[in-house]
Amino acid sequence: MPREQPDFVVIANRLPVDRVTSPDGEVLWRTSPGGLVTALEPVMRRHDGAWIGWHGAADEKLRPFDHAGMHLVPIPLTEDDVQEYYEGFSNATLWPLYHDVIAAPEYHREWWDAYVRVNRRFAKKAAQIAAEGATVWVQDYQLQLVPQMLRALRPDLRIGFFLHIPFPPTELYQQLPWRREILEGLLGADLVGFQAPGAAQNFIRLVRQRVGHKTHRDTVYLPDGRTVLAKAYPISIDAEGFETLSRTPEVQARAAEIRESLGNPETVLLGIDRLDYTKGLPQRLRAFGELVADGLVQLDDVKFIQIATPSRERVNSYKLLRDNINQLVGRINGDIGRIGQQPIQYLHASYPREEMAAMYRAADVMVVTPLRDGMNLVAKEYIATRWDNRGALVLSEFAGAAAELKQAYLVNPHDINGLKQKMLEAINASGRETSRRMKALRKQVMENDIDRWANDFLTELNAQRDPHGKTTRPIS
Ligand code: G6P
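Numbering of residues starts from 1 in each chain and follows the order in which that chain's sequence is written. The predicted origin of the model limits local features to residues at a pLDDT of at least 70 and limits the giving and counting of side-chain atom pairs to 80 or more, whereas totals for whole chains, interfaces and linings rest on all residues. Side-chain descriptors were evaluated using all non-hydrogen atoms of the structure, hydrogens and water having been removed beforehand.

- By the naming in an unreviewed UniProt entry, the protein is Trehalose-6-phosphate synthase, taken from Aeromicrobium piscarium.

**Concerning the site of the ligand**
Point 1. Taken together, 14 residues are adjacent to the ligand, and Arg 14, Tyr 86, Asp 140, Gln 142 and Arg 312 come closest.
Point 2. The contact in question runs from an oxygen atom of the ligand to an N or O atom on the side chain of Gln 142, over 3.1 Å.
Point 3. Elements that contribute at least two residues to the shell around the ligand include exactly α1 (35-46) and α2 (79-98).
Point 4. Of the residues belonging to the shell around the ligand, the class tally is five nonpolar, five polar and four charged. Near is defined per residue: the residue qualifies when any heavy atom it owns lies within 4 Å of the molecule or strand. Whenever two N or O atoms come within 3.5 Å, that pair is a polar contact, provided that in protein one can donate a hydrogen and the other can accept it, and provided that, for residues adjacent in sequence, both atoms are side-chain atoms. Counting from the N terminus, the helices are DSSP H or I runs at least four residues long and the strands are E runs at least two residues long. For this classification, the nonpolar set comprises Ala, Val, Leu, Ile, Met, Phe, Trp, Tyr, Cys and Pro, the charged set comprises Asp, Glu, Lys and Arg, and every other residue, Gly included, is treated as polar.

**Digging into the sheet that holds strand β17 (residues 392-396)**
Point 1. Taking strand neighbours across the sheet as the criterion, the six strands line up as β15-β14-β13-β16-β17-β18 in an open arrangement whose pairing is parallel. Among the strands making up the open sheet, the edge pair consists of β15 (344-347) and β18 (409-411). Averaged over all adjacent pairs, the angle separating strand axes in this sheet is 15°, with direction ignored.
Point 2. Here, any two strands with at least 2 DSSP bridges between them count as paired. Of the strand pairs in this sheet, strand β16 (residues 365-368) and β17 are connected by four bridges, and their pairing is parallel. Paired with Met 366 across the strands is Leu 393, a residue of β17. To get an axis, fit a line to the C-alpha atoms, keeping to the stretch in contact for a helix; angles then go from 0 to 180 degrees between the N-to-C directions.

**A look at the pairing of strand β8 (residues 158-162)**
Successive residues of a regular strand alternate their side chains across the two faces of the sheet.
Point 1. Counting buried residues along β8, five of its five residues qualify, which places the element largely inside the surrounding structure.
Point 2. With three bridges joining them, β8 and strand β9 (residues 191-194) adopt parallel strand pairing. Within β9, the position partnered with Phe 161 by the bridge is Val 192. A 1.4 Å probe rolled over the protein chains alone gives each residue an accessible area, and that area as a share of the maximum for its type sets the label: buried under 20%, exposed over 50%, partly exposed in between.

**Considerations on the sheet that holds strand β4 (residues 50-54)**
Point 1. The ten strands lie next to each other as β5-β6-β4-β1-β7-β8-β9-β12-β11-β10, forming an open sheet whose pairing is mixed. The strands lining the two open edges of the sheet, one partner per strand, are β5 (65-67) and β10 (214-216). If you compare each strand with its neighbour and ignore which way they point, the axes differ by 25° on average.
Point 2. Throughout, a residue-residue contact means that at least one pair of heavy atoms, one from each residue, lies within 4.5 Å. This element, α1, spans β1 (8-14), β4, β6 (70-74) and β7 (135-139) of the sheet and lies at about 155° to β4.

**Quick look at unusual backbone geometry**
Point 1. Although it is not a glycine, Ala 68 sits at a positive phi angle of roughly 45°.
Point 2. Looking at the secondary structure, you find Ala 68 in the loop between β5 and β6.
Point 3. Even without being a glycine, Asp 140 presents a positive backbone phi close to 70°.

**Looking at the nonpolar core**
Point 1. Ranked by internal contacts, the top residues of the largest apolar core, which has 104 residues, are Ile 11, Phe 167, Ile 182, Phe 203 and Met 423.
Point 2. Broken down by element, this core gets its largest block of residues, eleven residues, from helix α3 (residues 109-129).
Point 3. Formed jointly, this core draws a minimum of three residues from each of two domains, domain 1 (8-235 + 452-463) and domain 2 (239-447).
Point 4. Not counting the four nearest positions on each side in its chain, Phe 203 is found in contact with Phe 167, Leu 183, Leu 186, Leu 187, Val 192, Phe 194 and Ala 230.
Point 5. Remark: nonpolar core denotes a set of buried residues (Ala, Val, Leu, Ile, Met, Phe, Trp, Tyr, Cys) joined through side-chain atoms within 4.5 Å. With 66 residues, the next largest nonpolar core counts Val 10, Val 17, Tyr 233 and Val 378 among its residues. For each domain, the first and last residues come from an automatic or database assignment.

**Digging into the pattern of salt bridges**
Point 1. Only one rule defines a salt bridge in this text: a Lys or Arg side-chain nitrogen within 4 Å of an Asp or Glu carboxyl oxygen. Evaluated as defined, the whole model comprises 35 salt bridges.
Point 2. Close ionic contact of Arg 314 with Glu 87 constitutes a salt bridge, the shortest N to O distance being 2.8 Å. Residue Arg 314 is located in the loop between β14 (302-309) and α11 (316-336), and its partner Glu 87 is located in helix α2; the two are separated by 227 residues in the primary sequence.
Point 3. A relative accessible area of 13% means that Glu 87 is categorised as buried.

**Section: the environment of Pro 234**
Point 1. Position of Pro 234 among the secondary structure elements: in the loop between β12 (227-232) and α8 (239-247).
Point 2. In the structure, Pro 234 is positioned 146 residues away from Gly 88 in sequence and 28 Å away in space, judged by C-alpha atoms.
Point 3. The residues contacting Pro 234, other than those within four sequence positions of it, are Phe 194, Gln 195, Met 375, Glu 404 and Trp 453.

**Thoughts on the packing of α8 against helix α9 (residues 249-261)**
Point 1. Orientation of α8 relative to α9, taken along the N-to-C sense of each, is 65°, at an axis distance of 5 Å. One way to sum up the angle between α8 and α9 is to call them roughly perpendicular. Two secondary-structure elements touch here, α8 through Leu 245, Ser 246 and Arg 247 and α9 through Pro 249, Val 251 and Gln 252.
Point 2. Within the contact of α8 with α9, the residues separate by chemical class into three nonpolar, two polar and one charged. In what follows, roughly perpendicular refers to angles from 65 to 115 degrees, roughly parallel to angles under 35, roughly antiparallel to angles over 145, and oblique to any angle outside these ranges.

**Focus: the packing of α3 against helix α4 (residues 146-153)**
Point 1. At a minimum axis distance of 9 Å, the contact between α3 and α4 shows a crossing angle of 45°. If you check the angle between α3 and α4, you find them oblique. The way α3 lies across α4 gives a crossing that is right-handed. Here Val 116, Asn 119, Arg 120, Phe 122, Ala 123, Lys 124, Ala 126 and Ala 127 of α3 lie close against α4, whose contacting residues are Val 146, Met 149, Leu 150 and Leu 153.
Point 2. Here the residues of the contact of α3 with α4 sort into nine nonpolar, one polar and two charged. Crossing handedness follows the turn of the near helix against the far one: under a right angle anticlockwise gives a left-handed crossing, and clockwise gives a right-handed one.

**Overview of helix α6 (residues 179-186)**
Point 1. The set of residues buried in α6 consists of Ile 182, Leu 183, Gly 185 and Leu 186. The arc that holds every buried residue of α6, seen down its axis, measures 155°, which confines them to one face. An arc is given here, and it is the one of the directions from the helix axis to the C-beta atoms.

**Digging into the domain arrangement of the protein**
Point 1. Per the domain assignment, the segments of the protein are domain 1 (8-235 + 452-463) and domain 2 (239-447).
Point 2. Summarising the inter-unit geometry, the C-alpha centres of domain 1 and domain 2 are found 30 Å apart.
Point 3. Taken together, the 26 residues of domain 1 in the interface contact 18 residues of domain 2.
Point 4. Two parts placed together each lose some accessible area; with a 1.4 Å probe, that loss summed over both constitutes the buried area. Regarding the contact of domain 1 and domain 2, the summed buried area is about 1,800 Å², with carbon and sulfur atoms giving 61% of it.
Point 5. Of all residues in domain 1, Glu 87, Trp 95 and Ile 102 give up the largest surface area on contact with domain 2, accounting jointly for 28% of the area buried on that side.
Point 6. On the surface where domain 1 and domain 2 come into contact, there are three salt bridges.
Point 7. With a closest N to O distance of 2.9 Å, Glu 79 and Arg 314 form a salt bridge.
Point 8. The tally of links between domain 1 and domain 2 comes to eight residue pairs in polar contact (both at pLDDT 80 or more).

Written out as C-alpha cells, the structure is:
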C-alpha cells in the first residue's frame, strides 16, 4: 500500500512530535505533551498507517514526513487558529466544561467558527489521503465534528472516535450553545469510545434528548438505517515497554542518583502532571505541607518531588495556576523548610521518558490527585515500573484510572484531612502491605495494556459495519 493512500489513519489535534526551534535556530522534534500521545504512539508504530495532526508551531506549512517509524501528515494552524480553535474553543470552552467546570468555560461565537473551520481542514485531509474503505480513527475533544464531516466526504470509510477526557454529566453539557452540533458531529462515527461506561451513557441520553434519535442500551439508531455504538474502552500504556525501560542499568543508576541528591531520605513522594487546574496540585502540596508542619512526618525522612510540565501557557486559567503554584510552593518551603532542607522540590519542565522512568523508580509513594481526569496514565506508568512490587500509589477517586486500580490508596482530593491520612498510611505502610497492593495493581496494568485497548476498539469498529456500509449488528 503506497504511503499516500493509507488504509489506517489516526487523526489527532497533535502529531506525536512538536517542531521546536532552539535559541540558536536549530530545528528539533520533541515528544508532544500529554497522555494521548503516550498511548497512541505505540499503537501507531504497530500499524502501518498515517497520523494526521498539528506539529505545534503556528503559521508553518510542512510536508508529510516519516519519523521514528511513523508516517506523519502535518496540518497547518495559523496564529488565529491557535488562539481561537486551540487555546479558545478547545481549551477554554470544552476542556473546562468536560472537566466538571472546575474553571468557568467561556462561550464565544468566533471561537466556535474557528472550531468548525479547523475541524473541516482535518476532515478534508483525511478524505484526501485515506484509501478506499480505510479505517479512520479520530481522537479527542478538539475534533468532535470530524466524524460527521468526514462521512459526508467519504461514506466508504469506517470511522471510529475516541474521547480521551471525561464526557460531562448531561446537566453541564446542556450549557454548550453548540451542544446539538457536537452530538451530530460525533454521530458521524460508527463507534464512539469513552474512558468510562458512565460517559457513554451520558452521551446516549443526550443523543436521545437533544437530537431525538432512537436509542437502545449502547446503540443509536439513525433515520437512514445506520447505527452508532457508544461504549467504554479504558485506555492504557505500553506497560511492557515502560517496565523494560525502567529495568535498564542507566535508569536504575539515575534513580539512585536522584535519591542521593535528595539526601537519601526514607521516603520520596512524587507527583508528575501537566500543569493543569484539573490535576489537584494545590490540594496535594497543601496536604504534604501540613503533614510536615503537624510533625506527622519528619523533614529529614521525607521529600516531595513535584514535576509540572508546561502546558497551554497563554490560556488565562493556566497563567493564573502557574503563579498560584509558584506562590504555594514558596510559602510551604518557606514555612517548613530549613537551610539545606527543601521539603518540596518543584520543577516546571518536561522530561524525556528515561528521566520519567528514573523518577518513578526513585519514588516510594506516587501521588495522583486530580479533581477530574479522563484516565491518568501517569498512575499506570508508575505501576509498570514497580517490577519489584515496591511502592504505593495514592490515587484520586475522580481519575478514570480509579475504576481499575482499586488497590491504590484512593482519596477524595477535596478532603484535605482525608488526603493527609491516606498519604500518611501510604508512607507508613509495611512492605508486606504495599507489595500485596502493588501485585494486584500490576496484574491489572500489565494485562490491560495499550495493545489490548487498541485491539478491542478496532475489532468492535470492524464488526460494526460490513464493507457496503450497512450495519451488521442486529437490533436487539
Ligand atoms: C490531554 C488531552 C490531549 C492533549 C494533551 C496535551 O491528554 O486529552 O488531547 O493533547 O492533554 O495537551 P495539549 O493541549 O498540549 O495538546
